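# Structural characterization, general
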Amino acid sequence: MKGFDAEFQDLDHYIRVITERIWEGRRLSDISRYYSADCAVETPSSVSIGIEPVIAGTLATLAAFPDRRLLAEDVIISGEEECGFLSSHRIFSPMTHAGSGAFGPATGRPVYARTIADCVCVGNRIVHEWLVRDQAAIARQLGRHERDVAQDWLDQLGAWQKPAMPTAPGGYLSYLDPHPLAVAYANSLQQVWAAADTAGLKRSHAGSVITALPGGEMAVGLPALQSFWRAMTGSLSGACLQVEHLVANERRGRATAVAARWRVRASHLGHGRYGQATGRPVEIMGISHAEFEDGKVVREWHLIDDVAIWMQLLDPRV
């Protein structure tokens, strides 16, 4: 890979190694080595610019969860070395809530949560990143409702405030893969959001599909997955879905993997998953991974931050 250290065999190897060094190895100084000075990072509730916020966020997380590990489940790759690769990195994190922090005083409870990070990588550095963590899963395992955590965070901030994410540098453009399975997956997301059509999932998903959902929940089987989507789309009306990144990776001896980063803008006009309708606008930044066998999704992961959604609904300024 042009511009990358010779030790890295490919982008998958690069992402796994630097993640292990920074987190398991606690080599926080490596953040300055592997992140560009002006790296922009977007989460569902924030946008930051530069290395210092990345270091500060890592230190804050380790203060609350000092034994946190980042175990790579998959890295789904696109792009090229000139304008930038993109790694969609799905991580499973076991940790213990041993310190005070964003989730309140230490409880000593064990926690398990997933994250997906989409990182643009050029010349041995991460230059742009989109990251979604299942914050609701953490809250629930600590005995709290994600709505209450959202209220705490709003109280600290004063109001919902999220600046615009800058454009990715160096000529990088998010990829929209024409691979048939990638297109089929994007279409399935479009149907459930824009058309509120869960019946269409029968065409794209296996009846025995297993899906990881926000809040640390699992849907086992197509009816359970359809129930989740009905609850989401029943709460949020007029949804406009934009697929920002889409790629399929075919792997020899393994299921074809698809990664999709997407953004939905809707209005909270229905009762259900997010309480009584408020009429407020909501933006959801999601990242999904799926594995296909015989042309249908058999395993799936939807990373959606319910805490960020509740923050928008509870914002005192609206």
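In what follows, the accompanying structure is described. Sequence order as written defines the numbering, with residues in each chain counted from 1. Only residues with pLDDT of 70 or above have their local features reported here, since the model is predicted, and side-chain atom pairs are shown and tallied only from 80 upward, although totals for entire chains, interfaces and linings are computed over all residues. In computing side-chain values, all of the structure's heavy atoms are included and hydrogens and water are not.

## Focus on helix α1 (residues 11–24)
Residues three or four positions apart in an α-helix share a direction because the helix packs 3.6 residues into each turn. Rules: To qualify as a helix, a DSSP run of H or I must reach at least 4 residues; to qualify as a strand, a run of E must reach at least 2; elements of each kind are numbered from the N terminus. In this scheme, a helix's expected span is set at 1.5 Å multiplied by one less than its residue total. Between buried and exposed lies partly exposed: a residue is buried under 20% and exposed over 50% of the maximum accessible area for its type, with that area taken using a 1.4 Å probe on protein chains only. Polar contacts here mean pairs of N or O atoms no more than 3.5 Å apart (in protein, one a potential hydrogen donor and the other a potential acceptor; neighbouring residues in sequence count only if both atoms are side-chain atoms).
For α1, built from 14 residues, the straight-helix expectation of 20 Å at 1.5 Å per residue is met to within 8% by its first-to-last C-alpha distance of 19 Å. Buried within α1 are the following residues: L11, Y14, I15, V17, I18, T19, R21, I22 and W23. Near the N-terminus of α1, the side chain that reaches the backbone nitrogen of D12, with its oxygen 3.3 Å away, is that of D10. Two residues or fewer past α1, R26 is found with a positive phi of approximately 55°.

## Looking at the pairing of strand β11 (residues 281–293)
The condition that has to hold: If DSSP finds at least two bridges between two strands, the strands pair.
A large share of β11 lies buried, amounting to 10 of its 13 residues. Examined bridge by bridge, strand β10 (residues 256–268) and β11 share 12 bridges and lie antiparallel to one another. Among the inter-strand pairings, A257 is bridged to a residue of β11, identified as E291. With 7 bridges joining them, β11 and strand β12 (residues 296–303) adopt antiparallel strand pairing. Following the sheet pairing, E293 is matched in β12 by K296. Here β11 folds back onto β12, and the loop between the two strands holds 2 residues, one of which, D294, carries a positive phi near 55°.

## Let's talk about a nonpolar patch on the surface
For clarity, the threshold we go by: To count toward a patch, a residue needs a relative accessible area over 30% and no salt bridge; like charges are then connected within 9 Å, while nonpolar side chains (Val, Leu, Ile, Met, Phe, Trp, Tyr) are connected within 5 Å. Per-residue and other accessible areas follow the Shrake-Rupley method at a 1.4 Å probe size, with only the shown protein chains counted as cover for residues. Any Lys or Arg side-chain nitrogen located within 4 Å of an Asp or Glu carboxyl oxygen qualifies as a salt bridge.
Together, I210, M218 and V220 line one region of the surface with nonpolar side chains, adding up to about 290 Å² of accessible area. One can find M218 in strand β8 (residues 217–220). The class for M218 is partly exposed, based on a relative accessible area of 49%.

## Details of the side chain of H268
Where we set the bar: By definition in these notes, contact holds between two residues if any of their heavy atoms fall within 4.5 Å.
Considering the arrangement of structural elements, one finds H268 in strand β10. At 3.5 Å, the side chain of H268 forms a polar contact with the backbone oxygen of G270. In contact with H268, other than residues within four places in its own chain, are S235, L236, Y274, G275, Q276, A277, T278, G279, R280, V282 and L313.

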